[in-house]
Amino acid sequence: EKRYLKLSKIFDYFSEMEIDISWYKKNNFSQPANTNLQTLNTIIKNCKKCKLHKTRINTVFGEGSANAKVMIIGEAPGKDEDISGKPFVGRAGKLLTEILSSINLERNDIFITNTVKCRPPENRNPHDDEIKSCSGYLDEQIKLINPKVIVLLGKIAANRILNIDEPISNLRGKKYFIKENNIPIIVFYHPAYLLRSPLQKSKVWEDLKFMDNIITNHDC
Ligand code: URA
Ligand code: SF4
């Protein structure tokens, strides 16, 4: 079912469709062209910008609605995600889906992705150079989806977006802004951490209420 196109062929198609991808060819994401999520997905599928491309089975672009109110950013694809090409489908993902449905958010109301789009071997943390190589894609996804709130799951995502290296317990329950946009950003415990520390699960409810408040009061 899967057929892969040569990158040069894809570039030809884009130019035929009059989609400007010179920003990609130049490896420069500071001024991305007006591309869309599908185009970006195709580019990521062919990406070899960092060494994670060598060991991946599938890239994990992310999934959900292009008009999602809530954009959730995790750490990196794990084994199940690498095999399926979908984010958060393993144990942590099931817990995340349960947490979201407790406030009536379906997986389709959100867009969910990770700081890197390829699985780090043995599920190690992604290295700084890998996060950096992949960061243009995440920035572009945020721009295209333009959610009402961004939820960072765990320390790796918090560190990547907020540039703050602190324990999650200090970061949660606060609203952050970065200079690139005026989207409120909040930090949650990573569901994988909640699986290991079930006592912390009660805190999730506070985090959800905090998030819900931001979505509801966003316009003021
Ligand atoms: N953990 C993550 O951070 N991301 C996934 O996609 C799955 C598990
Ligand atoms: Fe490209 Fe990101 Fe995958 Fe690295 S992790 S190969 S930068 S898509």
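Counting from 1, residues in each chain are numbered in the order their sequence is written. Numbering of ligands from 1 and lettering of chains from A proceed in the order in which they are written. Only residues with pLDDT of at least 70 get local features here, since the model is predicted, and only at 80 or more are side-chain atom pairs given and counted; chain-wide, interface and lining totals rely on the full set of residues. Only hydrogens and water are set aside; all other atoms, that is, all heavy atoms of the structure, feed into the side-chain values.

Peer 1: Could you clarify how one ought to interpret the overall build of the protein in this entry?
Peer 2: To qualify as a helix, a DSSP run of H or I must reach at least 4 residues; to qualify as a strand, a run of E must reach at least 2; elements of each kind are numbered from the N terminus. Each helix and strand counted, the protein has ten helices and five strands in total. Partly exposed describes any residue whose relative accessible area lies between the buried limit of under 20% and the exposed limit of over 50%, with all areas from a 1.4 Å probe on protein chains only and scaled to the type maximum. The buried share of the protein, reckoned over its 220 residues, is 48%. The criterion used for residue contact is that any of the two residues' heavy atoms lie within 4.5 Å. Within the protein, counting contacts between residues at least 6 apart in sequence, those at least 24 apart form 69% of the total. Every accessible area reported is derived by Shrake-Rupley at a probe size of 1.4 Å, with residue values counting cover from the shown protein chains alone. Counting every atom, the protein has about 12200 Å² of accessible surface; 47% of that belongs to carbon and sulfur.

Peer 1: Any chance you could explain the pairing of strand 4 (residues 149-153) here in plain terms?
Peer 2: Among the five residues of strand 4, five are classified as buried, and the element is accordingly described as predominantly covered. A two-sided burial pattern is seen for strand 4, the buried positions comprising Val149, Val151 and Leu153 on one face and Ile150 and Leu152 on the other. At least two DSSP bridges between two strands are required for those strands to pair. Taken together, the four bridges between strand 4 and strand 5 (residues 185-188) define a ladder with parallel strand orientation. Paired with isoleucine 150 across the strands is isoleucine 185, a residue of strand 5.

Peer 1: What is the right way to read helix 7 (residues 154-162) from this model?
Peer 2: Given 3.6 residues to a turn, an α-helix orients residues that are three or four positions apart in the same direction. Extensive coverage of helix 7 is indicated by the burial of seven of its nine residues. Taken together, the buried positions of helix 7 are occupied by Gly154, Ile156, Ala157, Ala158, Arg160, Ile161 and Leu162. Tucked into the core, helix 7 has its buried residues touching strand 2 (70-74), helix 6 (128-145), strand 4, helix 8 (168-171) and strand 5. At the exit of helix 7 stands asparagine 163, carrying a positive phi of roughly 60°.

Peer 1: Any chance you could explain the site of ligand 2 here in plain terms?
Peer 2: Only a single heavy atom is needed: when it lies within 4 Å of a molecule or strand, its residue is near that molecule or strand. Neighbouring ligand 2 are Ile44, Cys47, Lys49, Cys50, Leu52, His53, Arg56, Lys117, Cys118, Ser133, Cys134 and Tyr137. Here ligand 2 occupies the largest cavity. Looking at the shell around ligand 2, the element that brings in the most residues is helix 6, giving three residues. Counted by class, the shell around ligand 2 contains seven nonpolar, two polar and three charged residues. Residues are called lining when one of their atoms sits within 4 Å of a cavity or pocket point, these points coming from a 1 Å grid over the protein atoms alone, where a cavity is a set in which a 1.4 Å probe fits but cannot get out and a pocket is an open set with protein on both sides within 12 Å along at least five of seven lines. What decides whether a molecule sits in a cavity or pocket is whether more than half of its atoms lie within 2 Å of the grid points. Amino acid classes used here: Ala, Val, Leu, Ile, Met, Phe, Trp, Tyr, Cys and Pro are nonpolar; Asp, Glu, Lys and Arg are charged; the rest, including Gly, are polar.

Peer 1: How should I be thinking about the packing of aromatic side chains in this particular structure?
Peer 2: Pairs of aromatic rings are described using the distance from one ring centre to the other and the angle between the two planes. Side-chain rings of Phe, Tyr and Trp, where Trp is taken by its six-membered ring, are said to pair if the distance between their centres is within 6.5 Å; with planes under 30 degrees apart they count as stacked, over 60 as edge-to-face, and otherwise as tilted. Inspection of every chain in the model, using the stated rule, returns two aromatic pairs. Note on phenylalanine 61 and phenylalanine 111: the rings are 6.2 Å apart at their centroids and 85° apart in plane angle, and the pair reads as edge-to-face. Here phenylalanine 61 is found in the loop between helix 3 (37-45) and strand 1 (63-64), whereas its partner phenylalanine 111 is found in strand 3 (residues 110-114), with 50 residues between them in sequence. In terms of burial, phenylalanine 61 and phenylalanine 111 fall into one category: buried.

Peer 1: Explain the packing of helix 6 against helix 7 here, please?
Peer 2: Helix-helix packing is described using two parameters, namely the angle between the two axes and the distance between the axes. Between N-to-C directions, angles span 0 to 180 degrees; the directions come from axes that are lines fitted to C-alpha atoms, helices contributing only their stretch in contact. The geometry of helix 6 relative to helix 7 is characterised by a closest axis approach of 11 Å and an angle of 80° between their N-to-C directions. Comparing their axes, helix 7 and helix 6 come out roughly perpendicular. Here Ile131, Ser135, Leu138, Asp139 and Ile142 of helix 6 come into contact with helix 7, specifically with Ile156, Arg160 and Ile161. Across the contact of helix 6 with helix 7, the residue classes tally to five nonpolar, one polar and two charged. Under this scheme an angle from 65 to 115 degrees is roughly perpendicular, one under 35 degrees roughly parallel, and one over 145 degrees roughly antiparallel; angles in between are oblique.

Peer 1: Teacher, can you tell me more about the pattern of salt bridges here?
Peer 2: The working definition used for a salt bridge is a side-chain nitrogen of Lys or Arg within 4 Å of a carboxyl oxygen of Asp or Glu. In this structure the tally under the stated criterion is eight salt bridges. We note a salt bridge from arginine 160 to aspartate 139, for which the minimum N-O separation is 2.9 Å. Residue arginine 160 is found in helix 7, and its partner aspartate 139 is found in helix 6; the two are separated by 21 residues along the sequence. Given the relative accessible area of 37%, aspartate 139 is considered partly exposed. Here glutamate 180 and lysine 179 are joined by a salt bridge, their closest N and O atoms 3.3 Å apart. Lysine 179 carries the same exposure label as glutamate 180, and that label is exposed. A single salt-bridge network, built from bridges that share partners, covers Lys51, Arg124, Asp129 and Glu130.

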